Amino acid sequence: MNFELTSDQKMLAQTVRQFTKKQSPVERFRKLRDEGKSWDREVWAHMGELGWLSVPFAEDLGGFGAGFVEVAIIAEGFGKTLVAEPFIGSVVLGGMAMASAGTSEQCERWLAPMMEGETSLALATTERGARHNLGTVGMTAAHDGGGWKLSGEKVFVPNGHEAEHLVVSAMTPDGVGLFVVAADGPGVTRSRLKTLDGRGAGRLRLDGASVGDECRLGDPGATAAAVLERVLDCGAAAACAEGLGICQATLDMTTAHLKERKQFDKPIGAFQALQHRAVEMFVEVELVRSMSILASIAADDDDVEARMRAISAAKTKLATGGEFVTREALQLHGGIGITDEHDIGLFFKRMVVLNALFGDATHHVERFASLGSFAAE
Amino acid sequence: MDLAFSEQDEAFRQEVRDFIAGGMTDALKAKADIDAPFDMDDTMAWHKILYRKGWVAPQWPEAVGGPGLSATRRFILTEELELAGTPPLSPFGLSMVGPAIIQFGTDEQKARFLPKILSGEEVWCQGYSEPEAGSDLASLRCKADDDGDHLIINGQKTWTTYAQYADWIFCLVRTDGTGKKQAGITFLLIDMKTEGVDARPMLTIGGTPAFCDTFFDNVRVPKANIIGEINAGWTVAKALLGHERTLLAMVGTSRRTLRRIKHIAAETMSGGTALIDQPVWRNKIAHLEIELESLKMANLRVLAGADLGRAPGPESSILKLRGTEINQHIYELAMEVMGHDALSWYNDDDVIPASEQGIAPAFCYTRANTIFGGSNEIQKNIIAKWILGLPAK
């Protein structure tokens, strides 16, 4: 048992910390949001140069060949200052789906430029009426000569409004399949939906959109379903890490506020009622951290049941702990916390989004309780 | 990072399991099977079995009879003992006064007291709380007057757990009432058979006489029984509170009770379906299991740090806080799952299933979890001050 980061991992964390401090403080996100921009392509290219966008991909694909712990280090760091670039949407979701299901030719074509920071990817799975159920797929893919015709709609796709290429889940006669769709392809309409956290998300309408068979990632059916489930688990694990960064940042901002803000002629942090609330926040942050570590290890676990158990537990803990911490942070900030001008609300809203993505608490508690390990324990 | 236990540690876990399977008497196993409460005889019988194995005081240094286990193995040992439902040992000698004597005692005191704590030949209890001194412990008034080689003790201790079975009591007594209240306190060992000591058992809300009021009427105690310096008892008491913070989370106990809940939920029908097969119930149980899993991960982080020789980090302070609360929540859910059966209070065996009998008393008694050893509100005061750095005024 060992919770220590390697020296390479520590160095990565340090680099991320320097980047967020110097180049990407919260003000940068606020400015993007106020200008109606999703993220900055120059910054994305810089992340490509730093190698951050290739971290989880195998070396023979041109990647860094690191594990999910490295992914979690980056996501956690990004959470602390609300870095808007689509690390989860493009690297963890679109990229890992591509790397898991695609051939080396397909990866060369779509993954390689993303790793360089020249393009970005997305994974389009969410549909109206399906909630978090991966088995409910209304998008269809029908054989069309040597290729496929896709029809249907996806909503609230992370980075779906910006990605050059989207990996789309669609039902085929053989079960669910994964297809690469170019955002500017024929029969493709996509738009930017405004979202609560200010980052936006994609809405994708496919109206008999034609793609060649070279755009099919792996075989539809059980294989594609397993890839989807694993990649979305990775998304959940990355959300746990980003959420941990948010929790830590909000706790730090809140304790600083409690020390500075004076009412009744003393710092409000001297009031026991508020001290105890802050301690409860601290406790929840440590529990969220413990489970984020577990999720980051489990994301690489080949034992599917162990992976699902750990990640469902961690995502549930993020939902309960993360919501608690950010809500308490607002309460302890008082009136200023309700103003759009103050940063604490930005963190609060991002947490809402992270909790809704990749399965909410209700979904993950249900999945956790359905596993064989629940009955056996 | 690697969250798996090493092969050697897993082998140790197996060794512990094998030992428990072979070491527990049939009488103890019969009680453990249904989580029936153990009495003092059961506790001390198990104490002696563990003593013979060398595992009774896992946290003691090897030089004074500890087994020299790593923090990880201490956790494994504790978790397996709790999971198997073995009798919880009395903590007052092994986890409290023992470590205090090891840290602050003279060689004579160590030689006199430690072997008999280990062997279970002498049973201890704790004399801290008084009717007017609970959370504000330093305001204690139980008085010790100087009488040459002796101190003369007068006063009252209360909520003294199992004092009626104890051979010795370790007390905080007032040796100086003139200065700062923390400065006039002395840590003193008192033989319960001394004339003038009177322990009067009282019922707890768990339905058993687990507490006593303990009175001291002109009790003569040799000064040789002072641990540390006179008037420096507060230092000893504080060190004792900080001792072994890696095993306070009750992870094994809570896991065992969660298993018990699943068992009861599988046997309890509602509308023709077992509760465990109904999402609303299953999910409530799963939610708690996830909370417990989070606590266990936090505990493992503390252990891994301790094995690297690191002082317990901030995460260690949450173990007692959340461990005690989760344990209470588990009993609350057990009561809910039992439905009307939860109302039964010490009835004959044919009223509710044997495996449910112990739940209601345990549900009541474990309300003490968040009070003893420094109430959770006191723990929060400590975290607010020392970890979050929040101002006192």
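Definitions and limits used
- Residues numbered from 1 in each chain as written.
- Chains lettered and ligands numbered in written order.
- Predicted model: local features only at pLDDT ≥ 70, side-chain atom pairs only at ≥ 80, totals over all residues.
- Helix = DSSP H or I, 4+ residues; strand = E, 2+ residues; numbered from the N terminus.
- Rg over C-alpha atoms; globule rule 2.2 N^0.38 Å.
- Buried ≥ 20, exposed ≤ 12 C-beta atoms within 10 Å, placed from the backbone.
- Contact = placed C-beta atoms within 7 Å.
- Domains from an automatic or database assignment.
- Nonpolar A, V, L, I, M, F, W, Y, C, P; charged D, E, K, R; others polar.
- Axes fitted to C-alpha atoms, helices over the stretch in contact; angles between N-to-C directions.
- Parallel < 35°, antiparallel > 145°, perpendicular 65-115°, else oblique.
- Left-handed = near helix turned anticlockwise from the far one by under 90°.
- pLDDT = per-residue confidence, 0-100.
- Pairing = 2+ DSSP bridges.

Draft legend 1. Here's a closer look at the overall build of chain A. Along its length, chain A carries 13 helices and 10 strands. Relative to a compact globule of 377 residues, whose C-alpha radius of gyration would be 21 Å, chain A shows 21 Å and is just as compact. Based on the C-alpha atoms only, the size of chain A along its principal axes is roughly 80 × 55 × 45 Å. Within chain A, the proportion of its 377 residues that are buried is 53%. Of the contacts made within chain A by residues no fewer than 6 positions apart, 74% connect residues no fewer than 24 positions apart.

Draft legend 2. The arrangement of the domain arrangement of chain B in detail. All names here are of chain B. Assigned domains within chain B: domain 1 (7-89), domain 2 (124-232) and domain 3 (251-386). Centre-to-centre separation of domain 2 and domain 3, based on C-alpha positions: 32 Å. Taken together, the 5 residues of domain 2 in the interface contact 8 residues of domain 3. Class assignment of the residues belonging to the side of domain 2 that touches domain 3 gives a composition of 1 nonpolar, 4 polar and no charged.

Draft legend 3. Examining the packing of helix H10 (residues 317-338) of chain B against helix H13 (residues 376-386) of chain B more closely. Residues and elements named next belong to chain B. Contact pair H10 / H13: the axes reach a minimum separation of 10 Å and the direction vectors enclose 155 degrees. Overall, the two elements H10 and H13 adopt an arrangement that is roughly antiparallel. You can see that H10 and H13 cross each other, and the crossing is left-handed. On the side of H10, the interface is formed by Ser 317, Lys 320, Leu 321 and Thr 324, while H13 contributes Asn 376, Gln 379 and Ile 383. Each residue belonging to the contact of H10 with H13 can be placed in one class, and the counts come to 2 nonpolar, 4 polar and 1 charged.

Draft legend 4. Quick look at the domain arrangement of chain A. Residue and element names in this part refer to chain A. With domains assigned, chain A is organised as domain 1 (7-119), domain 2 (123-219) and domain 3 (223-376). Centre-to-centre, using C-alpha coordinates, domain 2 lies 29 Å away from domain 3. On the domain 3 side, the residues contacting the 15 residues of domain 2 number 15 residues. Here the side of domain 2 that touches domain 3 gets 4 residues from one element, more than from any other, and that element is strand S5 (residues 175-182). A class-by-class count of the residues in the side of domain 2 that touches domain 3 yields 6 nonpolar, 7 polar and 2 charged.

Draft legend 5. Quick peek at the confidence of the model for chain B. With 98% of its residues at a pLDDT of at least 70, chain B reaches an overall mean of 94. Interface confidence for the predicted complex, given as ipTM, is 0.95, next to a pTM of 0.95.

Draft legend 6. Up close: the packing of helix H5 (residues 91-104) of chain B against helix H6 (residues 107-119) of chain B. All names here are of chain B. Two elements in contact, H5 and H6, have axes separated by 10 Å at closest approach and are oriented at 160 degrees. Put simply, H5 runs roughly antiparallel to H6. By crossing handedness, the relation of H5 to H6 is classed as left-handed. Facing H5, whose interface residues are Gly 93, Leu 94, Gly 98, Ile 101 and Ile 102, H6 presents Gln 109, Lys 110, Phe 113, Leu 114 and Ile 117. Its residues placed into classes, the contact of H5 with H6 shows 6 nonpolar, 3 polar and 1 charged.

Draft legend 7. Looking closely at the interface of chain B and chain A. Listed per partner, the contact involves 35 residues of chain B and 35 residues of chain A. Every element with two or more residues in the side of chain B that touches chain A is listed here: helix H9 (279-307), H10 and H13 of chain B. The leading source of residues in the side of chain B that touches chain A is H9(B), at 14 residues.

Draft legend 8. Molecular detail of the pairing of strand S1 (residues 124-127) of chain B. Residue and element names in this part refer to chain B. Neither face of S1 is exposed, since Trp 124 and Gln 126 on one face and Cys 125 and Gly 127 on the opposite face are all buried. Here S1 runs beside strand S4 (residues 168-174); their pairing, made up of 4 bridges, is parallel. In the strand pairing of S4, Gly 127 is matched with Cys 171.

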